[in-house]
Amino acid sequence: MSLTHAAPRGANGHARVRIERGSADAGFDYLIVGAGFAGSVLAERLASQLDARVLVVEKRPHIGGNAYDRHDDAGLLVHPYGPHIFHTNSADVFEYLSQFTEWRPYQHRVLASVDGQLVPVPINLDTVNRLYGLSLTALELEGFFEKMAEKRERIATSEDVVVAKVGRDLYNKLFRGYTRKQWGLDPSELDASVTARVPTRLNRDDRYFTDTYQAMPLHGYTRMFERMLAHPNIKVMLNTDYREIARLVPWKHMVYTGPVDAFFDCKYGKLPYRSLQFQHVTLAQERFQPVGTVNYPNDYAYTRITEFKHLTGQQHQLTSIVYEYPRAEGDPYYPVPRPENTTLYKKYEAEAESLDNVTFVGRLATYKYYNMDQVVAQALTAFKRLRERYQAMGAEAALEAGSAALAAPLHSRAPAPMRTQ
Ligand code: FAD
Ligand code: UDP
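Small disclaimer: the values here were computed from a predicted structure and weren't measured.

Time to look at the pairing of strand β11 (residues 251-256). The side chains of a regular strand alternate between the sheet's two faces. Within β11, six of the six residues are buried, which leaves it mostly tucked inside the rest of the structure. Here strand β1 (residues 28-33) runs beside β11; their pairing, made up of five bridges, is parallel. If you follow Leu-31 over to β11, its bridge partner there is Met-254.

Turning next to the sheet that holds strand β17 (residues 358-360). Judged by pairing direction, the sheet is parallel, and its five strands sit side by side in the order β10-β2-β1-β11-β17 without closing on themselves. Two strands close off the open sheet at either side, each with one partner strand: β10 (234-237) and β17. Ignoring which end each strand starts from, the neighbouring axes of this sheet average 20° apart. The pairing of strand β2 (residues 54-57) with β10 spans four bridges and is classified as parallel. Paired with Val-54 across the two strands is Ile-234, which belongs to β10.

Time to look at the sheet that holds strand β5 (residues 87-88). Spatially, the three strands line up as an open sheet ordered β5-β9-β6, and their pairing is antiparallel. If you trace the sheet from one side to the other, it starts and ends with β5 and β6 (103-105), each paired once.

Of the strand pairs in this sheet, strand β12 (residues 273-283) and strand β15 (residues 319-327) are connected by nine bridges, and their pairing is antiparallel. From the neighbouring strand, Gln-279 faces β15, where its bridge partner is Tyr-323.

Side chains of nonpolar character tend, in soluble globular proteins, to be buried together. Leu-31, Ile-32, Leu-42, Leu-46, Val-54, Val-56 and Ala-379 are the most contacted members of the largest nonpolar core, which totals 72 residues. Two domains each donate at least three residues to this core, and these are domain 1 (28-63 + 229-271 + 336-413) and domain 2 (110-195). With 19 residues, the next largest nonpolar core counts Val-110, Val-119, Val-121 and Val-161 among its residues.

With that settled, the discussion passes to the site of ligand 1. Around ligand 1 sit 33 residues, and of these Gly-34, Gly-36, Gly-65, Gly-258 and Gly-362 come closest. For the shell around ligand 1, the secondary structure elements donating two or more residues are α1 (37-50) and α13 (372-393). Here the residues of the shell around ligand 1 are counted per class, giving 16 nonpolar, 11 polar and six charged.

We now examine the site of ligand 2. Near ligand 2 lie 13 residues; those nearest to it are Phe-175, Tyr-178, Thr-179, Arg-197 and Asn-295. Residue assignment for the shell around ligand 2 shows that the elements contributing at least two residues are α6 (168-183) and α7 (192-195).

It is the contact of α1 with α13, at a shortest axis distance of 9 Å, that shows an interaxial angle of 35°. Viewed along their axes, α1 and α13 form a crossing whose handedness is right-handed. Touching Phe-37, Ala-38, Val-41, Leu-42, Arg-45, Leu-46, Gln-49 and Leu-50 of α1 are Met-372, Val-375, Val-376, Ala-379, Leu-380, Ala-382, Phe-383, Leu-386, Arg-387 and Tyr-390, all from α13. Counted by class, the contact of α1 with α13 contains 15 nonpolar, one polar and two charged residues.

Quick notes on the rules
Residues numbered from 1 in each chain as written. Chains lettered and ligands numbered in written order. Predicted model: local features only at pLDDT ≥ 70, side-chain atom pairs only at ≥ 80, totals over all residues. Buried ≥ 20, exposed ≤ 12 C-beta atoms within 10 Å, placed from the backbone. Helix = DSSP H or I, 4+ residues; strand = E, 2+ residues; numbered from the N terminus. Pairing = 2+ DSSP bridges. Axes fitted to C-alpha atoms, helices over the stretch in contact; angles between N-to-C directions. Core = buried A, V, L, I, M, F, W, Y, C linked by C-beta atoms within 7 Å. Domains from an automatic or database assignment. Near = placed C-beta within 6 Å. Nonpolar A, V, L, I, M, F, W, Y, C, P; charged D, E, K, R; others polar. Left-handed = near helix turned anticlockwise from the far one by under 90°. Contact = placed C-beta atoms within 7 Å.

Written out as structure tokens, the structure reads:
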């Protein structure tokens, strides 16, 4: 909307101010559902590179998705949805995000509470020596693992991965209990990819990740998201489920980053997601634990405790920690990687691919156990595909093509979204 300059004069001779109506094509080119990494990267790219008009709709009261951070009542920077540590081997992803934040180098370390001691995770030389009261050298460690390991013809499950590498005893001490708590399933019921996230080390390296780039956004994730979404072509609508506005606001192409089964009204059945309950506690002491995260594989109902000051480097007289209690019900946080879920997801994926004017991106929308950097990479790739389509067909035609063949599930619930002319 803009005020006209050459305003006509009224009967009394006073200049009348006329408010122009939005022009016929003032709708949005893209409706983006979700303001997490997937939605925010795409909003930023589409607005800044294609000059597209973008509406981001987010049902929560904040941007950032599960990576959202905020200062708690004591002024400590915390991650309300659990600890988020940034790490990547992708120079492209790191450089892309570096446009929106400076970084604080941070290498995450994790200890596990086992048999009354705190030992490094991933398993390394010190883990073995401490748990077994040995003084093996790095050269001897490989032989030790070979003696302990169980032969496996095929590595299919999360149990196979660990027992084939380090044997059943270390598996029982560090993986079995944690995994059963975290997933509500035995490791033998989960894809190998789950426990394969945690490697085994033959040296004394006690870092949780060994990626080339390991750093935290200097002023937090939320600040980084604010800067990504600050483009004048981007409007953000919080506290709104996209279903409330998809019929009311004109748009041409949708990017959906919520759970894929929910988009299709769970027509093939609910996809399982694992949830967590977070218990945040602020303590009147400067330090609570020696490293960022301590895992509790065999004791307590929670899996791990994280102390945020290790991650953020914040100086403060108090400290804030979070306990993670796994849950079957609640907000969907983790896809559950196992064969029957992949089979069910494939049905939704086929439906999703048949929709011309909706693109599915992100951890829940593609049912992949992705880290933040993988979601950023996936969103950057999705952007390239959208840009090619935009350029190949000519901007208007590319976007209009979608509207006619509006997504079936939206069709069945509601009339097609308003056309822009
Ligand atoms: P999300 O962040 O889930 O964003 C999707 C958004 O869509 C949400 O904000 C949601 O509210 C919104 N939405 C859904 N449905 C609707 C709807 N109908 N209408 C409007 N809005 C909707 N990754 C790492 O790299 N390092 C870590 O240390 C790390 N730790 C993690 C710890 C935990 C406990 C969890 C759960 C995840 C962790 N991750 C970590 C993974 C990381 O959170 C994800 O990779 C990333 O945040 C996924 O981004 P996304 O945009 O795909 O999804
Ligand atoms: N895991 C385990 N013991 C540990 C750490 C991890 O059994 O001490 C297993 C568990 O199944 C977990 C998976 O490895 O869910 C992946 O661990 P990661 O730390 O990557 O989980 P996330 O940070 O994604 O929750």
